[in-house]
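Observations on the model geometry
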Amino acid sequence: LTDFGVQDTYAGVLEAVIARIAPEAHVLHLSHGVPPQAVSQGALMLADAVPYLPVGVHVAVVDPGVGTSRRAIAVESPDGRRFVGPDNGLLPAAAEAGGGIVAVHELTNAAYRLEGVSATFHGRDLFAPAAAHLALGVAVGELGPAVDPAELVRLPRPYYAVSDGRIESDCVLVDRFGNSWVAVTPDEAEEAGITLGDRVSVTAAGRQRGTAVRARTFGEVGERELVLYATSWGRLALGVRGGDAARTLGCAPGDRIRLDRLT
Amino acid sequence: LTDFGVQDTYAGVLEAVIARIAPEAHVLHLSHGVPPQAVSQGALMLADAVPYLPVGVHVAVVDPGVGTSRRAIAVESPDGRRFVGPDNGLLPAAAEAGGGIVAVHELTNAAYRLEGVSATFHGRDLFAPAAAHLALGVAVGELGPAVDPAELVRLPRPYYAVSDGRIESDCVLVDRFGNSWVAVTPDEAEEAGITLGDRVSVTAAGRQRGTAVRARTFGEVGERELVLYATSWGRLALGVRGGDAARTLGCAPGDRIRLDRLT
Amino acid sequence: LTDFGVQDTYAGVLEAVIARIAPEAHVLHLSHGVPPQAVSQGALMLADAVPYLPVGVHVAVVDPGVGTSRRAIAVESPDGRRFVGPDNGLLPAAAEAGGGIVAVHELTNAAYRLEGVSATFHGRDLFAPAAAHLALGVAVGELGPAVDPAELVRLPRPYYAVSDGRIESDCVLVDRFGNSWVAVTPDEAEEAGITLGDRVSVTAAGRQRGTAVRARTFGEVGERELVLYATSWGRLALGVRGGDAARTLGCAPGDRIRLDRLT
């Protein structure tokens, strides 16, 4: 998972570097569509996907601090997954989804990187080689010195507040369909008294944008209507049946969304 | 083939789910670029590609009705292909390209889906698991009860009309290069008296946009000129040499295109 | 590597055609994001990636002349790589990156193409099949008659000029992050007296757009500041920390960029 996009050769070269070191490794591209340098969104995407991924080595690169003193790390979780990437908050949530953090090591061992590591493409020169060597059976501990898991950079949870009949939250992700995710679960909405069938007023980025129905799926609302539904990843999102909620709402990741139950 | 795009993890997670169930399966991503919820365009893209695909299991998900009562199905064709996806018209044309429909079964057997199927992501929870089990050797009939092929949802053929010197057709697809496909074959154009070397007046979305030359390839017209050519999939399309026909024509899938032979 | 993009089935069908001929071949997608018909940018992307790719068969298709008399070729380099694509300048730089050109053959042998080659999709009908047969062990010489390497179409080097305190160059590539590459190396900049820590005035597409700091990495300049850095592929580029240099500079591939050292 990276923010490399698919227009350049960056993502393909990661696979190529892995293929040279570990030709038998099965490389699966989870996504290269994290918005540029959006570490928290990348962390969310990776953590949500972990339960569906085969146990293996997961390389994640969203790395605005490449070339600075931020650490390069490998994190091991108790279910045998290993996560490789920058120490900027991208990996801990994913490791938690894998059951926690058993060990963290810094990627300092020159035997497991390309010669002449560049200052701007650690995905290619550092992270992909380390991942390939892990796939070959190298132990995480051989990559470099142990790091105290408590020292890892961790991201703040996105803003959210839930009270009777009201949910306020950052928009944490807008997907390809324009569905706009908030950092609140269906259970938390239920506690706030917002349940299936309720109507809510939707305010996004400071402007009231319409009303949504809390429903199970898009087919339960009318064409072009807003629906407040549970994503298949366990959070609430706003969608528009046959449309694009982010466009309807004028919202983007980081914007504040407020939902008020209508009586 | 899906409309999931490449910005999210949806497509990667499909492969991951398959890899967990059938680790030896070779997963080939045909395209995730079907426009959101464009079932008929997805059906066209899949059917056109079938003759080039290895015989195997083909998962297709363009599924605006996910979570509603639309059926989830697997379709078998006589050449041994199996198609997995929603019963919304996406699959029949592809099965016909595989020689017809031998059997249809509804995906109801809980043994071949993920636990806790979500209301909004059947690609991950239902279709990918079913496909993986088929790849492992499970028979289509084990997935659930047989469905009468005559009961499948089928899409209308896009609008087209051919008369002497005139072709009218829906634009059925705009590709990455801006080439704008119509639902008419070169043979049908020939019957209408539009043959190699002819000039046609092009009307798109109600406005006359210029003239095109019926030619074999882009190199036969001048730079920035419109060309009416046979795509490599057997239909006619309008292109612009060194340019983008959809932009030149101001047209999108679903718009009406009219071609009139100039004397 | 192609300019097919990811919205259509074109790239997936290439892999499918290869999989039918050579089911055991490992297909790696380097990139399908070359801008439409941008041969020189495709040549640059491929050549830069070669040192990181496993030795094997490399198919590249950026082919505005498809269906015309331009040749279809396979090029062999001394390290065992074989490059398959159109003879329009796309391949020579990549072969040089593989050590040079040992042999060139024209793809004329009908045994190694699909039946009924179309006029508009040689990637599918000609290049992918040839590559698959090479992967199966067919020798380059069996694909067709030898071509004199001196006769290959070659691209001019992009414009650049270096003098004391000044660099002028075409912008040769804008990547996903908006980083804008020039055709000048850090060593050439050094010869021009532009070294780490220097400030340069940046003129793009004829307008002065700001100043950049020659630095090793983005972290060494302030948020939203322009940085002139060495890409990990060995050329200079302009970036913006936390931003998009192409947008800041208003530049695109082919535009002229001028850098003047500030005293």
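Scroll up to find the structure this text is about.
Heads up: these notes are all about the structure in this document. The structure presented is a predicted model; accordingly, all values stated were derived computationally and were not measured.

Next up on the list: the relation of the copies chain C and chain B. Superposing chain C onto chain B takes a rotation of 120 degrees plus a shift of 0.0 Å along the axis, which leaves an RMSD of 0.0 Å. In the structure described here, the two chain copies are related by an operation that fits a three-fold rotation axis. Distance from the rotation axis, computed per C-alpha, reaches its smallest value in chain C at Val6(C): 4.7 Å. Comparing interface residues between copies, only 13% of those in chain C also sit at the interface in chain B, which points to a heterologous contact through distinct surfaces.

Our focus in this paragraph is the sheet that holds strand β4 (residues 103-106) of chain C. Residue and element names in this part refer to chain C. What the 4 strands build is an open sheet, ordered β1-β3-β2-β4; its pairing is mixed. The open sheet has two free edges, formed respectively by β1 (57-59) and β4, since each of these has just one partner strand. Between one strand axis and the next, the sheet turns by 20 degrees as a mean value, whatever way the strands run. When β1 meets strand β3 (residues 82-86), the two strands line up parallel, connected through 3 bridges. Bridge pairing in β3 places valine 59 opposite valine 84. Contacting β1, β2 (72-76) and β3, helix α4 (residues 122-136) runs over the sheet at an angle of about 165 degrees to β3.

This part covers helix α1 (residues 10-21) of chain B. Over its 12 residues, α1(B) extends 17 Å from the first C-alpha to the last, a length consistent with the 16 Å expected when each residue adds 1.5 Å. Turning to α1(B), its buried residues are Tyr10(B), Ala11(B), Gly12(B), Val13(B), Leu14(B), Glu15(B), Ala16(B), Val17(B), Ile18(B) and Ala19(B). Among the structural elements, α2 (39-49) and β7 (180-182) of chain A together with α4 (122-136) of chain B are those in contact with the buried residues of α1(B).

In this assembly, 31 residues from chain B lie in contact with 33 residues from chain A. Approximately 2400 Å² of surface area, both sides summed, lies buried where chain B meets chain A, with 57% of it carried by carbon and sulfur atoms. A per-residue breakdown of the area chain B buries against chain A is headed by Gln7(B), Thr9(B) and Arg20(B), which together make up 21% of the total. Linking chain B to chain A there are 16 residue pairs in polar contact (both at pLDDT 80 or more). Going through the elements one at a time, α1 and α4 of chain B are the ones with two or more residues in the side of chain B that touches chain A. Of the residues in the side of chain B that touches chain A, the class split is 14 nonpolar, 11 polar and 6 charged.

Quick notes on the rules
- Residues numbered from 1 in each chain as written.
- Chains lettered and ligands numbered in written order.
- Predicted model: local features only at pLDDT ≥ 70, side-chain atom pairs only at ≥ 80, totals over all residues.
- Heavy atoms only, no water.
- Least-squares fit on C-alpha atoms with pLDDT ≥ 70 in both.
- Contact = heavy atoms within 4.5 Å.
- Pairing = 2+ DSSP bridges.
- Helix = DSSP H or I, 4+ residues; strand = E, 2+ residues; numbered from the N terminus.
- Axes fitted to C-alpha atoms, helices over the stretch in contact; angles between N-to-C directions.
- Expected span 1.5 Å × (residues − 1).
- Buried < 20%, exposed > 50% of the residue type's maximum accessible area, 1.4 Å probe, protein only.
- Buried area = accessible area lost by both parts, 1.4 Å probe.
- Polar contact = N/O pair within 3.5 Å; in protein donor to acceptor, adjacent residues only side chain to side chain.
- Nonpolar A, V, L, I, M, F, W, Y, C, P; charged D, E, K, R; others polar.

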